[in-house]
Amino acid sequence: MRAVETGSFSAVGRELGIGQPNVSRNIAALEQTLGTQLLHRSTRSLAVTPEGQRYYEQARAALDLIGQAESDARGQRNPQGLLRMACSQALGAEKIIGAMPGFMARYPDLELDLLLSDAYADLVAEGLDLAVRGGVLADSALRARRLGSSERVHVASTAYLDARGTPDTPAALAQHECILYTHMARGDRWPFREGEVQVGGRMRVNNLEGIRRAVIGGIGIGYLPSWMVWDQVRDGSLRVVLASYATGPTPIHAVYAAQRLLPQRAVVFIDYMAEVFAATPGLNGSSVLD
């Protein structure tokens, strides 16, 4: 299963700790037993044969059913095993990890392997149970459950605005230092209700937490999720600008592979995080502007 999902014997060998030659021998033995070729090998890649694809799909479903049966047998209130999930760095570090003491106390037999990255994670190839993602979902191979929503705001420190003035239209941002998010392909184009506006500045950051710190430090204007700056906006050290031009909130979902059964360990995690998001300002649909 993992050879098909990763496309690499070496990756499976590292993942399972058995080495690439043992992976190759095991798959060759399986092909001999079945009397058919499952994978085409080359020095650079693997390709699944039609017979291999059918075998993969049926065996994957069988393994998922076995996993579900084991979880049911242990009892839904006591899920066990390793939950592997992915989340963006900022949301994961601040909100997911922040909620984990209560989650791990509630489910003492669960382990958590959390991948924090702003890069798009391939759930199947990376062997992940689920991911938490913001934005509109376009991948039909995924299923999703909505956890909450987050508005994004244009925000700057009071000190910066006192020194440089407050922009009154999106076009006025051309006269300001805008802190750009370089992880996004179009990080220098900020969205507003009536369309995107080109912005610029002397500082670029590939991490939202870095942008927040730069904004708090008075370097310029940033475009951030409201939950990241909620406390600073409330205490007046940061101010939201161009609020009347802002776009609507962005949904946040837990997503998982459509062709896989969702294990009980993932179900309880999603339920728990839905509770956390519902109680968290800026993630439960509340606005920092209210």
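Just above, that's the structure.
Here is what the cut-offs are and how they apply
Residues numbered from 1 in each chain as written. Predicted model: local features only at pLDDT ≥ 70, side-chain atom pairs only at ≥ 80, totals over all residues. Heavy atoms only, no water. Helix = DSSP H or I, 4+ residues; strand = E, 2+ residues; numbered from the N terminus. Buried < 20%, exposed > 50% of the residue type's maximum accessible area, 1.4 Å probe, protein only. Contact = heavy atoms within 4.5 Å. Polar contact = N/O pair within 3.5 Å; in protein donor to acceptor, adjacent residues only side chain to side chain. Salt bridge = Lys/Arg side-chain N within 4 Å of Asp/Glu carboxyl O. Pairing = 2+ DSSP bridges. Axes fitted to C-alpha atoms, helices over the stretch in contact; angles between N-to-C directions.

Chemist: Any chance you could break down the environment of D129 for me, citing the residues and the numbers?
Modeler: Structurally, D129 is set in the loop between β4 (110-116) and β5 (130-134). Overall, D129 belongs to the buried group, its relative accessible area being 11%. Taking the C-alpha atoms as reference points, D129 and S157, 28 residues apart in sequence, are found 39 Å from one another. Leave out the neighbours within four places in its chain, and D129 touches L82, L83, R84, V255, Y256, L262, P263, R265 and A266. A polar side-chain atom of D129 sits 3.1 Å from a polar atom in the side chain of R265.

Chemist: So, the pattern of salt bridges: which residues are in play, and what are the values?
Modeler: One side chain can pair with another of opposite charge once the charged atoms of both are near each other. A complete count under the given rule lists 14 salt bridges for this structure. Via salt bridges that share partners, R2, E5, E15 and R60 belong to a single interconnected network.

Chemist: I'd like a rundown of the sheet that holds strand β14 (residues 250-257), residues and numbers included.
Modeler: If you walk across this open sheet you meet the five strands as β4-β3-β5-β14-β6, and the pairing is mixed. Since the sheet does not close on itself, it has two edges, and those belong to β4 and β6 (142-150), each with one partner. Across the sheet, the mean angle separating the axes of adjacent strands is 20° when strand polarity is ignored. By the bridge criterion, seven bridges tie strand β3 (residues 81-87) to β4 in an arrangement that is parallel. Bridged to L83 within β4 is L112.

Geometric values such as these leave the question of function open.
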